[in-house]
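# Fold and geometry: a report
Here's the letter readout for the chains.
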Amino acid sequence: MKRAILLSIDDDLDEIRALLRTLEVVIDKEIVQKRGGPHRKTYLGSGKVEEVQREIESLDVDYVIVNGDLKPSQHHALEMLFQKECVDRVGVILRIFANHAHAKEAKDQVALATMRYELPFLREWIHKAKKGERPGFLSGGAYATEVYYEHARSQIGRIERSLNVNSKQREVRRTMRRKRGYFLVSFAGYTNAGKSALLNVLSGSQNMVDDRLFSTLSTTTRRLNKSKRNVLLTDTVGFISKLPPDLVKAFNSTLEEIFLADLILLVVDVSEPFDMIRKKLKTSLNVLIPRQHGREMIIVGNKIDRVSSDSHRELRERVKELHPISEVILTSAIDRTGLAELVSVIETSENRSCVMVAILPMTDSALSLISALHDSTDIEETKMSDHIELVLRCRTSEVQKLTGKIETIGGTVLTSDEVVPDNDPACESPP
Ligand SMILES: Nc1nc2c(ncn2[C@@H]2O[C@H](COP(=O)(O)OP(=O)(O)OP(=O)(O)O)[C@@H](O)[C@H]2O)c(=O)[nH]1
Ligand SMILES: [Mg+2]
């Protein structure tokens, strides 16, 4: 077990405590210096920094943890002052991700996010080492730091290329699954909301469920049990507030499994105080809405077994007010409350999913219609010759409107039919 002093400029410490618990770091002392924003040079301000120095001398800690984002210059200043490894909130999250990444894609994603995060710090170390103020990264001197920096830069390019291949493979797999008649449903939501627990009870599988944060990093896809429909459920990485942008970017191929599903189940832990429910739902919606492109979303208020049944109705209404366009289902993965209702809502949504095949003339107006369609439908195939052949998936309610648009520019809709699921039960769990 490693030990740490925790520094913060606000008293909202629950989440960082949970993150450190997940990382198996024991907090020996919490020091809070309330301020409107971080001090430019030392994050906390000089008076408080002296107090921290005294604490570090009396306690034998391994790290100084900062509950916020450190700029490279602040990080350098604090490490010089404390002579201890200083880790900010993003650094903590990245270490958890590194510990939980087992599959190659997840390891690559974490390595990419970590290197992108570290580069500005390395640049600062190189700068200071050249000025003789610091021996260099891991005390290796300026030369070693520069070698590491160049190595990191070349690794970033290599990993980005490999992740692009993963993204394309995932796209092909999604298209294949849809062509075979599968309706794709993804779980999204704050870390620890119960996404994996729900996937397990709905599919009869045994994926890792844990009270730690970010237990799931890789994607798992399983078939929905107890349904005649061909529905695939995909569980993947959870969200957290102030999600590091490097992490979001690095996990793009995995997150696309959420954004590009036919239906998104946004899971929220409703056993927490309502302020927390609101905050976590808002964080999740902020990630989802810009990438969701009108896809249907259902809010799943999970862990309802921990809420007195007298308040279920009121809770449902309050959650609904937070995002009125989505239906709200209350569930418990533990006592299985609400699962039949959830399955029925998934099936209703599957019912609405239509595939259209259209032939368009090769004209400018057809090309601009296709680019507009990218926002509101899933274009599954575009074949260009002297005309354009388009296969797209949309909601039943949109078929008439889309047919009108296609016909206006001289196109024809060949079929507008519901997907007939095939009988192939095959589904896989990508590594
Ligand atoms: N009481 C109760 N606990 C639940 C329920 N669903 C999940 N849990 C518990 O909540 C914790 C987190 O569950 P997970 O399924 O691992 O959560 P997750 O959303 O997959 O979390 P990450 O993978 O970390 O993003 C575990 O301790 C579960 O046992 C529920 O309906 N009721
Ligand atoms: Mg999980």
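Given the structure is predicted, the values throughout are model-derived calculations rather than measurements.

### Notes on the overall build of the protein
For the protein, the count of helices and strands is 14 helices and 14 strands. Its C-alpha atoms give the protein principal-axis dimensions of about 75 × 60 × 40 Å. Split into buried and exposed, the 431 residues of the protein put 52% on the buried side. Considering only contacts within the protein whose residues lie at least 6 apart along the sequence, 69% involve residues at least 24 apart. Total accessible area on the protein is roughly 20,500 Å²; 50% of this is exposed by carbon and sulfur atoms. Side-chain charges of the protein comprise 62 positive and 62 negative groups, with the mean position of each set lying 2 Å from the other.

### Considerations on the coordination of the magnesium ion (ligand 2)
Protein coordination at the magnesium ion (ligand 2) comes from Ser-196 (OG) and Thr-216 (OG1), with a distance range of 2.0 to 2.1 Å. With Ser-196 in helix 7 (residues 195–203) and Thr-216 in the loop between helix 7 and strand 6 (220–223), this pair connects stretches of sequence that are 20 residues apart.

### Overview of the nonpolar core
In terms of nonpolar packing, the biggest core is built from 68 residues, with Leu-19, Ile-65, Phe-97, Phe-214, Leu-288 and Val-319 touching the most fellow members. In terms of residues, this core owes the most to one element, helix 5 (residues 104–130), which gives 11 residues. Membership of the second largest hydrophobic core comes to 24 residues, among which are Phe-187, Ala-197, Ile-329 and Val-345.

### Some words on the layout of surface pockets
Approximately 890 Å³ is the volume found for the largest pocket. Along the wall of the largest pocket there are 39 residues; nearest its centre are Thr-191, Asn-192, Ala-193, Asp-211 and Lys-303. Contributing elements (two or more residues each) for the lining of the largest pocket: helix 1 (14–22), helix 7, strand 8 (263–269) and helix 10 (274–292). Of the residues in the lining of the largest pocket, the class split is 13 nonpolar, 11 polar and 15 charged.

### Topic: the packing of aromatic side chains
By the definition in use, this model includes three aromatic pairs. Here the aromatic rings of Phe-97 and Phe-251 are separated by 5.4 Å at their centres, their planes lie at 85°, and the arrangement is edge-to-face. Linking Phe-97 in helix 4 (residues 89–100) with Phe-251 in the loop between helix 8 (245–250) and helix 9 (252–259), this pair joins segments that are 154 residues apart in sequence. Each member of the pair, Phe-97 as well as Phe-251, is classed as buried. Taken together, a centroid distance of 5.1 Å and an interplanar angle of 50° make the contact between Tyr-117 and Phe-121 tilted. Here Tyr-117 and its partner Phe-121 are both found in helix 5, four residues apart, which amounts to about one turn of the helix. Given the relative accessible area of 17%, Tyr-117 is considered buried.

### Some details on the domain arrangement of the protein
Domain boundaries in the protein define domain 1 (2–98), domain 2 (102–162), domain 3 (181–351) and domain 4 (353–418). Summarising the inter-unit geometry, the C-alpha centres of domain 2 and domain 3 are found 35 Å apart. Between domain 2 and domain 3, the residue contacts involve nine residues of the former and nine residues of the latter. Note on domain 2 versus domain 3: buried area summed over both sides is about 740 Å², and carbon and sulfur give 55% of it. The largest per-residue losses of area from domain 2 upon contact with domain 3 belong to Gln-109, Ala-113 and Arg-116, which jointly make up 60% of the total buried on that side. Scanning the region where domain 2 abuts domain 3 turns up zero salt bridges.

### Concerning a nonpolar patch on the surface
A surface patch of nonpolar side chains, about 270 Å² in accessible area, is lined by Met-362, Leu-367 and Met-384. Tracing the backbone shows Met-384 in strand 12 (residues 378–384).

### What to know about the site of ligand 1
Inspection of the region around ligand 1 gives 23 residues, with Lys-195, Ala-197, Ser-215, Asp-305 and Ala-333 positioned closest. In the environment of ligand 1, an oxygen atom lies 2.9 Å from a nitrogen or oxygen atom belonging to the backbone of Phe-214. Measuring from a nitrogen atom of ligand 1, one finds a side-chain N or O atom of Asp-305 at 2.7 Å. Across the complex, the protein chains shield 91% of the 650 Å² of accessible surface that ligand 1 would expose by itself.

### Focus on helix 4
In a regular helix each residue adds 1.5 Å, so 12 residues correspond to 16 Å; helix 4 covers 17 Å between its end C-alpha atoms and thus fits that length. Most of helix 4 is tucked away, with nine of its 12 residues classed as buried. Those residues of helix 4 not exposed but buried are Arg-89, Val-90, Gly-91, Val-92, Ile-93, Leu-94, Ile-96, Phe-97 and His-100.

### Section: the environment of Thr-363
If you trace the backbone, Thr-363 turns up in the loop between strand 11 (353–361) and helix 13 (364–376). When the C-alpha atoms of Thr-363 and Glu-350 are compared, they prove to be 33 Å apart, with 13 residues separating the residues in sequence.

### Thoughts on the packing of helix 1 against helix 4
Two numbers describe how helix 1 lies on helix 4: the axes approach to 10 Å, and their chain directions differ by 35°. The hand of the helix 1/helix 4 crossing is left-handed. Contacts between helix 1 and helix 4 pair Glu-15, Ile-16, Leu-19, Leu-20 and Thr-22 from the former with Arg-89, Val-92, Ile-93, Ile-96 and His-100 from the latter. Here the contact of helix 1 with helix 4 is composed, by residue class, of six nonpolar, two polar and two charged.

Conventions we followed
- Residues numbered from 1 in each chain as written.
- Chains lettered and ligands numbered in written order.
- Predicted model: local features only at pLDDT ≥ 70, side-chain atom pairs only at ≥ 80, totals over all residues.
- Heavy atoms only, no water.
- Helix = DSSP H or I, 4+ residues; strand = E, 2+ residues; numbered from the N terminus.
- Buried < 20%, exposed > 50% of the residue type's maximum accessible area, 1.4 Å probe, protein only.
- Contact = heavy atoms within 4.5 Å.
- Areas by Shrake-Rupley, 256 points an atom, 1.4 Å probe, with all protein chains shown as cover.
- Lys, Arg positive; Asp, Glu negative; His and termini not counted.
- Charge placed at Lys NZ, Arg CZ, Asp CG, Glu CD.
- Donors = N, O, S within 2.8 Å, 3.2 Å for Na, K, Ca; no water.
- Core = buried A, V, L, I, M, F, W, Y, C linked by side-chain atoms within 4.5 Å.
- 1 Å grid on protein atoms, 1.4 Å probe; cavity = no way out; pocket = protein on both sides within 12 Å on 5 of 7 lines; lining within 4 Å.
- Points joined across faces, edges and corners; volume = space filled by probe spheres on them.
- Nonpolar A, V, L, I, M, F, W, Y, C, P; charged D, E, K, R; others polar.
- Phe/Tyr/Trp six-rings, centres within 6.5 Å; stacked < 30°, edge-to-face > 60°.
- Domains from an automatic or database assignment.
- Buried area = accessible area lost by both parts, 1.4 Å probe.
- Salt bridge = Lys/Arg side-chain N within 4 Å of Asp/Glu carboxyl O.
- Patch = residues over 30% accessible without salt bridge, like charges linked within 9 Å, V, L, I, M, F, W, Y side chains within 5 Å.
- Near = heavy atom within 4 Å.
- Polar contact = N/O pair within 3.5 Å; in protein donor to acceptor, adjacent residues only side chain to side chain.
- Expected span 1.5 Å × (residues − 1).
- Axes fitted to C-alpha atoms, helices over the stretch in contact; angles between N-to-C directions.
- Left-handed = near helix turned anticlockwise from the far one by under 90°.

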